[in-house]
Amino acid sequence: MELLAIFDHSTCIFSILACILLTISYVASLYIWRTNLSRDHPSTIKRRFFSVSCMMLLAPFFMKYFLTKETLSKGELLEHLGLRTSGWIQATLLPLFLTAILFLGPLTMQFLSGIWKLYTKPLYWLASWQDLVWLRNHIMAPLSEEWVFRACMMPLLLQCLKAEVAIFTGPLLFGTAHFHHMFEQMKSGYDFKTALMVSSFQFTYTSLFGAYSAYLFLRTGHFVAPLVAHIFCNHMGFPNFGEIPQFQPLQRILIICNFIIGFILWCLLLTPLTTPGIYDNRLYWET
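Here we summarise the structure given alongside this text.

Cut-offs applied
- Every chain is numbered independently, its residues counted from 1 as its sequence is written.
- Restriction of local features to residues with pLDDT of at least 70 applies here, the model being predicted, together with a cutoff of 80 or more for giving and counting side-chain atom pairs; totals for whole chains, interfaces and linings are based on all residues.
- The side-chain quantities take in all heavy atoms of the structure and omit both hydrogens and water.
- Salt-bridge detection follows one rule: a side-chain nitrogen of Lys or Arg within 4 Å of a carboxyl oxygen of Asp or Glu.
- Burial here depends on accessible area, computed with a 1.4 Å probe over protein chains only, as a share of the maximum for the residue type. Under 20% is buried, over 50% is exposed, and the range in between is partly exposed.
- Helix and strand labels come from DSSP, where a helix needs a run of H or I of at least four residues and a strand needs a run of E of at least two; each type is numbered from the N terminus.
- What is meant by a nonpolar core is a set of buried Ala, Val, Leu, Ile, Met, Phe, Trp, Tyr and Cys residues, joined one to another through side-chain atoms within 4.5 Å.
- Whether two residues touch is decided by their heavy atoms; if any such pair falls within 4.5 Å, the residues are in contact.
- Between the rings of Phe, Tyr and Trp (Trp by its six-membered ring), a pair exists once the centres lie within 6.5 Å; its type follows the angle of the planes, with under 30 degrees stacked, over 60 edge-to-face, and the other angles tilted.
- For a Lys NZ or an Arg CZ to count as sitting over a ring, it must be within 6 Å of the ring centre and within 35 degrees of the ring normal.
- Note on disulfides: each one is a pair of cysteine sulfur atoms within 2.5 Å.

**Points about the pattern of salt bridges**
Line of reasoning, step 1. For the coordinates displayed, the defined rule picks out four salt bridges.
Line of reasoning, step 2. Where Arg39 meets Asp40, a salt bridge forms, and the shortest distance between an N and an O atom there is 4.0 Å.
Line of reasoning, step 3. A residue is classified by how much of its surface remains accessible, and Arg39, at 29% relative accessible area, is partly exposed.
Line of reasoning, step 4. Notably, a salt bridge pairs Glu146 with Arg150, separated by 2.9 Å at the nearest N-O pair. Separated by four residues within a single helix, Glu146 and Arg150 lie in helix H9 (residues 132–151), roughly one turn from each other. Each member of the pair, Glu146 as well as Arg150, is classed as buried.
Line of reasoning, step 5. Overlapping salt bridges, with partners in common, bring together Arg39, Asp40 and Arg136 in one network.

**Overview of the nonpolar core**
Most often, soluble globular proteins have nonpolar side chains that are buried together.
Line of reasoning, step 1. Formed by 59 residues in total, the largest nonpolar core has its most connected members in Leu22 and Tyr212.
Line of reasoning, step 2. Contributions of two or more residues to this core are made by helix H1 (2–29), helix H2 (42–66), helix H5 (88–102), H9, helix H10 (154–157), helix H11 (163–177), helix H13 (192–220) and helix H14 (224–236).
Line of reasoning, step 3. The element best represented in this core is H13, accounting for eight residues.
Line of reasoning, step 4. Look past the residues within four positions of Leu22 in its chain and what remains in contact with it is Met55, Ala59, Phe62, Val148, Cys152, Met153 and Leu156.

**A few points about the packing of aromatic side chains**
Line of reasoning, step 1. Using the criterion set out here, one finds 17 aromatic pairs in the structure.
Line of reasoning, step 2. Plain terms: the ring middles of Phe209 and Tyr212 are 6.4 Å apart, the flat faces sit at 70 degrees to each other, and that makes the pair edge-to-face. A residue pair is termed a helical-turn pair when its members lie 3 or 4 positions apart in one helix, as Phe209 and Tyr212 do in helix H13 at three residues.
Line of reasoning, step 3. Note on Tyr212: relative accessible area 8%, which makes it buried.
Line of reasoning, step 4. Through pairs of rings, three or more aromatic residues link up here, namely Tyr119, Tyr124, Trp125, Trp129 and Trp134.
Line of reasoning, step 5. Over the face of the ring belonging to Tyr31 we find Arg48, whose NZ or CZ atom lies 4.9 Å from the ring centre.

**Details of the state of the cysteines**
Think of a disulfide as a covalent bridge from one cysteine sulfur atom to another cysteine sulfur atom.
Line of reasoning, step 1. The full count for this structure, using the stated rule, is one disulfide.
Line of reasoning, step 2. The side chain of Cys12 participates in a disulfide bridge whose partner is Cys160; the two sulfur atoms lie 2.5 Å from each other. Since a negative S-S torsion denotes a left-handed disulfide, the Cys12-Cys160 link at about 60 degrees is right-handed. Placement of the pair is Cys12 in helix H1 and Cys160 in the loop between H10 and H11, with a sequence separation of 148 residues.
Line of reasoning, step 3. Between Cys152, a free cysteine, and Cys19, which holds the nearest cysteine sulfur, the sulfur-to-sulfur gap is 9.9 Å.
Line of reasoning, step 4. A relative accessible area of 0% places Cys152 in the buried class.

Written out as structure tokens, the structure reads:
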């Protein structure tokens, strides 16, 4: 009995260390290129695209090495990574709808300011797909981060933590990984105190989003669920409450009401719209 306890304890330690190593490796892959150029320079972006692509290819093999036979016996490797055909349509649409509800207030601001009309123009999307910064923020960053921090990391954490605990543990590493922006902010002219405050704020909201993203991954059992939510959130950005006074009085009331309504509806619909049975998920969450 004591030997079994020691084995379980060591498995947990190795799983957590593997997650920490994945986090360090992901951030390090961004800085293997020595350059004085900014993070938004095309050359920097292209090099980092290559680096994180290599990281994405290696991460599943790294994860598999630290998965126990018991974990692997519960499903195929692709299933652990959230790559399944069963329920993928629901996993694409429902989490996107749920996330849009949370952003009901900002979406109302976009509608009133006429931004929605921009989305109907093909030239907008054509220009976006030719913009490396847009591709980084909307495609590569969400894709690589969800792959490493959710698909490859959550199965490791579940070997020693309950799903409810893993949801809030993994995102701490995800939030910590964003602290590297602090050095780039100081490089661009921010003083240490300001850069620390900005990075601390980033750590807070990225950790909160990470918990939501991990919840979507474990409840749906699909990689695409947190991916679409991440893409949508990156597109919307953090709500800019300072823009509300720029609207007319009645519009302000509508915007504030929709902020509140959106949050309440999101809280009410979070559990029912992520019911594992909807997505045929029998791997990560008991139905």
